[in-house]
Amino acid sequence: MKIAVTAANGNLGAAIVKELKTQIGAENVIAIARTPKKAEFLGVEVRKGDYDSYTDFESALKGVDKILVVSGMDTPKKRIQQHRNIIKAAEANSLNKIVYTSIVGNTTNTAFDPIINSNRQTERDIEASKLNWVIGRNGLYIEPDLEYIEQYKTKGCIWNSAGDGKCAYTSREELANAYVQMLLNDSIKYNVYNLAATPITQQELANEINKTYSTKLTYKQLSSEEYLEERKAELGNFIGTVVSGIYDGINNGSFNVASDYEKVMNRKHKLVSELIKDFKNK
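Residues numbered from 1 in each chain as written. Predicted model: local features only at pLDDT ≥ 70, side-chain atom pairs only at ≥ 80, totals over all residues. Heavy atoms only, no water.

Under the defined criterion, the tally for this structure stands at 7 aromatic pairs. On the numbers, 5.9 Å between centres and 70° between planes, the contact of tryptophan 133 with tyrosine 190 is edge-to-face. Within this pair, whereas tryptophan 133 is found in strand S6 (residues 132-138), its partner tyrosine 190 is found in the loop between helix H7 (172-184) and strand S10 (191-195), the two being separated by 57 residues in sequence. Accessibility expressed as a relative area gives 10% for tryptophan 133, which makes it buried. By relative accessible area, which is 43% here, tyrosine 190 ends up partly exposed. Between tyrosine 148 and tryptophan 159 the ring centres are 6.0 Å apart and the planes differ by 50°, which places this aromatic pair in the tilted class. Taken together, the residues span a long stretch of sequence, with tyrosine 148 in the loop between helix H5 (143-147) and helix H6 (149-155) and tryptophan 159 in strand S8 (residues 157-160) at a distance of 11 residues. Aromatic rings pair up to connect Tyr148, Tyr152 and Trp159 into one cluster. Positioned above the aromatic ring of tyrosine 54, the side-chain terminus of lysine 88 is 4.6 Å from the ring centre. (Phe/Tyr/Trp six-rings, centres within 6.5 Å; stacked < 30°, edge-to-face > 60°. Helix = DSSP H or I, 4+ residues; strand = E, 2+ residues; numbered from the N terminus. Buried < 20%, exposed > 50% of the residue type's maximum accessible area, 1.4 Å probe, protein only. Lys NZ or Arg CZ within 6 Å of the ring centre and 35° of its normal.)

This paragraph deals with the nonpolar core. Judged by nonpolar contacts, the single largest core of 52 residues is most densely connected at Ile16, Leu20, Leu61, Met182 and Leu195. No other element matches the 7 residues that H7 contributes to this core. Each residue touching isoleucine 16, except ones within four places of it in the same chain, is listed here: Val5, Leu68, Ala176, Tyr179 and Val180. Listed in part, the 38 residues of the second largest apolar core include Ile116, Trp159, Tyr169 and Leu205. (Core = buried A, V, L, I, M, F, W, Y, C linked by side-chain atoms within 4.5 Å. Contact = heavy atoms within 4.5 Å.)

Take the side chain of threonine 122 next. Position of threonine 122 relative to the elements: it lies in helix H4 (residues 113-127). Ignoring any residue separated from it by four or fewer positions in sequence, one finds threonine 122 in contact with Ile80, His83 and Tyr100.

Where charged atoms from two side chains of opposite charge come close, those side chains can pair. Per the stated rule, a full pass over the model turns up 19 salt bridges. Ionic pairing is found between aspartate 56 and lysine 48, a salt bridge with its closest N-O pair at 3.9 Å. Judged by relative accessible area, which is 17%, aspartate 56 ranks as buried. In this structure, the salt-bridge partner of lysine 268 is glutamate 262, at a minimum N-O distance of 3.4 Å. Residue lysine 268 is classed as exposed on the basis of its relative accessible area, which comes to 62%. Through salt bridges with shared partners, a single network forms among Lys155, Glu230, Arg231 and Glu234. (Salt bridge = Lys/Arg side-chain N within 4 Å of Asp/Glu carboxyl O.)

We now examine the pairing of S6. Of all 7 residues in S6, 5 are buried; the element is thus mostly enclosed. Both strand S5 (residues 97-103) and S6 contribute to a ladder of 7 bridges, which runs parallel. Residue pairing for S6: threonine 101 is matched across the bridge by glycine 136. In this fold, S5 hands off to H4, which returns the chain to S6; that crossover is right-handed. (Pairing = 2+ DSSP bridges. Right-handed = clockwise from strand over helix to strand, strands pointing away.)

See the structure below:
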């Protein structure tokens with residue numbers, strides 16, 4: 001059985017490849033990357049796959065049984081056609097299963113809505129395909145907050161526009177575990193799963209970071225406008241607007257969702273406190 005993983009050189013793709021290698025052996029895993037050289041570190045066969053190229057994927061998926069599609073990172077409008085290229089190529093090669101990494105969240109009139117909508121369109125496209133399918137909706141990654149901890153320590157707080165809204169977090173490692181199970185367990189199909197921990201507030205996140213890192217962080221709420229300008233100044237207009245939209249969405253309840261993780265893994269998702277400890281101990 002050959003299983004392919006797209007965007008395999010990215011953080012999530014690489015985590016999934018690593019777990020697949022453990023479960024089924026490196027010889028049965030195919031990494032697909034736009035620039036194959038960047039995925040050679042994974043220690044598996046690497047094939048070229050540019051999301052903009054149906055031809056790339058029609059070739060890359062030859063002899064493949066199942067595919068894990070990591071959601072693209074391009075603008076929302078471009079993502080839809082990019083994902084359709086992969087779906088069409090998977091159908092042309094008669095794959096047994098397609099698994100897609102979507103995102104949790106509801107549209108709540110924020111700058112993040114277009115990304116949620118593009119993911120939902122790809123979900124519909126996959127559901128309408130001729131393939132066995134499974135869709136995971138990722139919670140928000142905990143890693144960016146923990147990678148930002150020095151900046152938090154400098155200011156003494158976590159600051160954003162999320163307010164008292166609750167957010168369902170996850171980690172790439174927990175997602176990799178779930179996605180490999182989705183790929184390997186043929187009884188898991190034709191369903192959508194929220195993959196995340198129990199939702200928490202930003203103050204609760206600060207409290208959990210304090211316990212593990214012995215910090216004294218508080219939470220400071222900014223207005224949507226303040227946070228947008230601050231993020232744009234640091235990250236640029238496009239990414240800054242997207243990130244501020246995420247936190248506006250948290251404030252609006254978009255990411256306060258129930259987890260389906262246990263339905264996939266037969267265990268509960270790790271608590272946020274455990275995710276933080278895992279990150280610190282790496």
